[in-house]
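Each chain, letter by letter, is given below.
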Amino acid sequence: MNSGDTAWVLISSALVLLMTLPGLAFFYGGLVRRKNVLSILMQCLIILCVITLQWVLYGYSLTFSPDAFKGIIGGLDWAGLRNVGGQPNADYAATIPHYAFMIFQCMFAVITPALIIGTYAERIKFSAFLAFTVLWATFVYNPLGHWVWGTGGWLRELGALDFAGGIVVHTSSGISALVLALLIGRRIGYDRRTFTPHNLPFTVLGGALLWFGWFGFNAGSALAANDLAANAFVTTTVATSAAGLTWAVIEWIQHKAPTALGAVSGAVAGLVAITPACGFVNPMNAIFIGMIASGLCYVAIAKVKSFFKYDDSLDVFGIHGVGGIWGTLATGLFAEKAVNEAGADGLLFGNPGLFLTQCMLVAVTIAFAAAMTWALFKLVDVLLCVRVAKTEEIVGLDLTQHSESAYTLVD
Amino acid sequence: MKYIIAIIKPHKLDDVMKALEEINVNLMTVSNVLGRGRQMGVTEVYRGAKEAGSLLKKVKLEIAVNEDFVEPTIQAISKSARTGEIGDGKIFVLDLPDVIRIRTAERGVQAIG
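Summarised in this report is the structure supplied together with it. Note that the coordinates shown come from a computational prediction; the quantities given were computed from them, not determined experimentally.

### What about the overall build of chain A?
In terms of helices and strands, chain A carries 14 helices and two strands. The globule rule puts the C-alpha radius of gyration for 411 residues at 22 Å, and the 20 Å found for chain A is close to it. Expressed as lengths along the three principal axes of its C-alpha atoms, the size of chain A is roughly 55 × 50 × 40 Å. Looking at chain A as a whole, 58% of its 411 residues are labelled buried. A separation threshold of at least 6 residues defines the contact pool for chain A, and within that pool the share at least 24 residues apart is 75%.

### A few points about the overall build of chain B
In terms of helices and strands, chain B carries three helices and five strands. Along chain B, from the amino end to the carboxyl end, the secondary structure elements read β-α-β-β-β-α-β-α. Considering only contacts in chain B between residues 6 or more positions apart, those separated by 24 or more positions represent 71%.

### Some details on helix 2 (residues 67-81) of chain B
All names here are of chain B. Between its terminal C-alpha atoms helix 2 stretches 22 Å, which fits the 21 Å expected from 15 residues at 1.5 Å a residue. The complete set of buried residues in helix 2 reads Phe69, Thr73, Ala76, Ile77 and Ala81. Projected down its long axis, helix 2 carries its buried residues within an arc of 100°, all on one side. Away from the buried face of helix 2 by more than 90 degrees, exposed residues Glu71, Gln75 and Lys79 are located. Where helix 2 is buried, its residues touch strand 1 (2-8), helix 1 (13-22), strand 4 (55-65) and strand 5 (89-95).

### Considerations on the packing of helix 3 (residues 98-116) of chain A against helix 6 (residues 166-184) of chain A
Residues and elements named next belong to chain A. Two numbers describe how helix 3 lies on helix 6: the axes approach to 8 Å, and their chain directions differ by 30°. The angle between helix 3 and helix 6 falls in the class roughly parallel. Crossing geometry of helix 3 relative to helix 6 is assigned as right-handed. Contact residues: helix 3 offers Phe108, Ile111, Thr112, Leu115 and Ile116, while helix 6 offers Val169, Ser172, Ser173, Ser176, Ala177 and Leu180. Taken together, the residues of the contact of helix 3 with helix 6 sort by class into seven nonpolar, four polar and no charged.

### As for the environment of Thr400(A)
With respect to the secondary-structure elements, Thr400(A) resides in helix 14 (residues 397-402). In this structure, the C-alpha to C-alpha distance between Thr400(A) and Val249(A), residues 151 residues apart in sequence, is 41 Å.

### Brief notes about the environment of Glu341(A)
Residues and elements named next belong to chain A. The topology assignment puts Glu341 in the loop between helix 11 (316-334) and helix 12 (352-384). Overall, Glu341 belongs to the exposed group, with 8 C-beta atoms counted inside 10 Å. Taking C-alpha positions, Glu341 is 9.9 Å from Leu228, a pair spaced 113 residues apart along the chain.

### Side note on the packing of helix 4 (residues 126-149) of chain A against helix 6 of chain A
If you want to describe how two helices pack, look at the angle between their axes and the distance between the axes. Residues and elements named next belong to chain A. The geometry of helix 4 relative to helix 6 is characterised by a closest axis approach of 10 Å and an angle of 140° between their N-to-C directions. Between helix 4 and helix 6, the angle falls in the class oblique. Read as a crossing pair, helix 4 and helix 6 show a hand that is right-handed. Residues Trp136, Val140, Tyr141, Leu144, Gly145, Val148 and Trp149 of helix 4 lie in contact with helix 6, whose contacting residues are Ile167, Val168, Ser172 and Ser176. A class-by-class count of the residues in the contact of helix 4 with helix 6 yields eight nonpolar, three polar and no charged.

### Quick word on unusual backbone geometry
All names here are of chain A. With an omega of 10°, the peptide bond between Leu21 and Pro22 qualifies as cis. Locating Pro22 in the fold gives a position in helix 1 (residues 3-31). Look at Lys70: it is not a glycine, yet its phi comes out positive at around 50°. Within the secondary structure, Lys70 is located in the loop between strand 1 (67-69) and strand 2 (73-74). Not every positive phi belongs to a glycine, and Cys385 is a case in point at roughly 65°. Structurally, Cys385 can be placed in the loop between helix 12 and helix 13 (390-395).

Conventions used here
Residues numbered from 1 in each chain as written. Chains lettered and ligands numbered in written order. Predicted model: local features only at pLDDT ≥ 70, side-chain atom pairs only at ≥ 80, totals over all residues. Helix = DSSP H or I, 4+ residues; strand = E, 2+ residues; numbered from the N terminus. Rg over C-alpha atoms; globule rule 2.2 N^0.38 Å. Buried ≥ 20, exposed ≤ 12 C-beta atoms within 10 Å, placed from the backbone. Contact = placed C-beta atoms within 7 Å. Expected span 1.5 Å × (residues − 1). Arc of directions from axis to C-beta. Axes fitted to C-alpha atoms, helices over the stretch in contact; angles between N-to-C directions. Parallel < 35°, antiparallel > 145°, perpendicular 65-115°, else oblique. Left-handed = near helix turned anticlockwise from the far one by under 90°. Nonpolar A, V, L, I, M, F, W, Y, C, P; charged D, E, K, R; others polar.

So this is what it looks like as C-alpha cells:
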C-alpha cells in the first residue's frame, strides 16, 4: 500500500464528483432556457445520489467482481461491498485500498448517465428519467464496463485500450444520446425558432469545472501518483487547449467571430477525445488529437445535426459520441509503448493490429449501446410515458416537475 | 389610434405572437411583470410561480395600432391566450393621441407601423 497513490486516487475521486456536480450541471444548466435550469441541476444531483447507491449495492459488483459468465458480466460476490475493504485488490490497483478504487470508479458510473441528460433536456418526465437512468446504468454501463475494464472482460482480453473511459463513458453515452434524441422527438417550437442558452456564463463556468475535474478523471486513472499520471495530466490539458483554440478559429473563419460557447464546447470535445488516449500517447500527438476532435465535433454539430434535424438538445452525441469515437480510434493510431509499457504500439508505430481492435471496440459499443437504449426507452415509455405533456413542456420542467422556479422577477 | 395592453400567461406568449403575425401585427413591446387579479394570486393548475406574497408572473404586451387593426388584434390575443382557466389575463384598450417615430420625426398614423 502506498500513501501517495491512495491520496491521489481519493482526491481524484472527489475531482470526478465535481465534474458531475457542479461541472456538468452548470455546463448544461446554462444551455437550457430559464424555465428548465433547475430540472438539469436536479437531474445531475439525483443521478449522483441514485447511482452511488446502485453502485455500492450491485453495480460495482456487476462491473468489476470476478467474471461470472464468459467475460460478459461480473458476479455478485462484491454486492453490497462484501469482500471489498481497506486492503488492495491486486487485479486492479495493488497500491491503494480496494475502497479507493471502488469509489473512484463510482464517480465514473455517476457521470456517464449524467452526460446523457443533455439529449432529452427540457422535455423528459422526471419519473421516466429516473427509471431510465437506473436501467441504463444496470444494463448498459455495468456490462460494458465489465467488458472493457473488468478482469476477464472479453474486450479487455482482446487487447482493446481505453485508458480513462473514451468508450465506456463517452462513446456509450453519446450513442445512447443519439438514439434517445430520435426516439423522444424534437422539442416544441424546434421548427419555428432557435433555443437560446439562458446563461452562457454558467456554461463557461461549468466547462471550466469539467476541465479541472477531468484531471482526476484522466490522470487519476493511472491509479497511482506516478509518471503515467503525469503523462495523462499533461496530454489532457494539452489536447484540451488545442481543441478549444481550434473550435474558436473554425468559428472565426466560418462566422466572423469566435464565441465563448464555441471555445468551451471545443475544450470539452478535446477532453473527451484525449480520455481513452491520455495514458498511451505523448503530448505532441495529443495536440493533434485535440485539433481533429474539434474539427469533427464541429461538423457533427453545425452541419450533420442541422441536416438531419434530430434534436440532440445539448449536443451529447456531437461532443461525447463523436469525440469519444475519435479518441478511441486515435488511441489505435498514436499509442506507443514508450509512453506506457502496459499499453501497445499503434498504427503509426508499426502495429496496425491495435487500430483494428480499436475499430472493433467502437463498433461493438455502438451496436450494444444503441440496441439496449432503444429497448430500455421503449420499456420506460410503455410504463411511464417518457415525455411530459405538451402544456407541461411549454410551461417548463422547473414548475411542472419540481414546483420551483430558478429566478425571481423582483428582489 | 389605440394603445392595446394585454396581460397574459407567460407560456402563452409564443401562441399570441404567432396569432398576431397571422393578422400582420408585428410591432410590439413585451415585458415580464408581476400581478394579481380578483383571486389574489390563487394557485393555478400549473402553479404560476408566486412572488412577493400573492403576485404571479405574467407577460405584458403593448401594441399601438390604427383603428382598422383594433378589433382583429383584440380577437387574436383573446383567442390565442385563452386556456379557460383562472388567470388568463386581461386586455386594456386606450386612446392614443399621437405617435412619433424618433428616427424620421414622422407622426401619427404614418409613424405607427
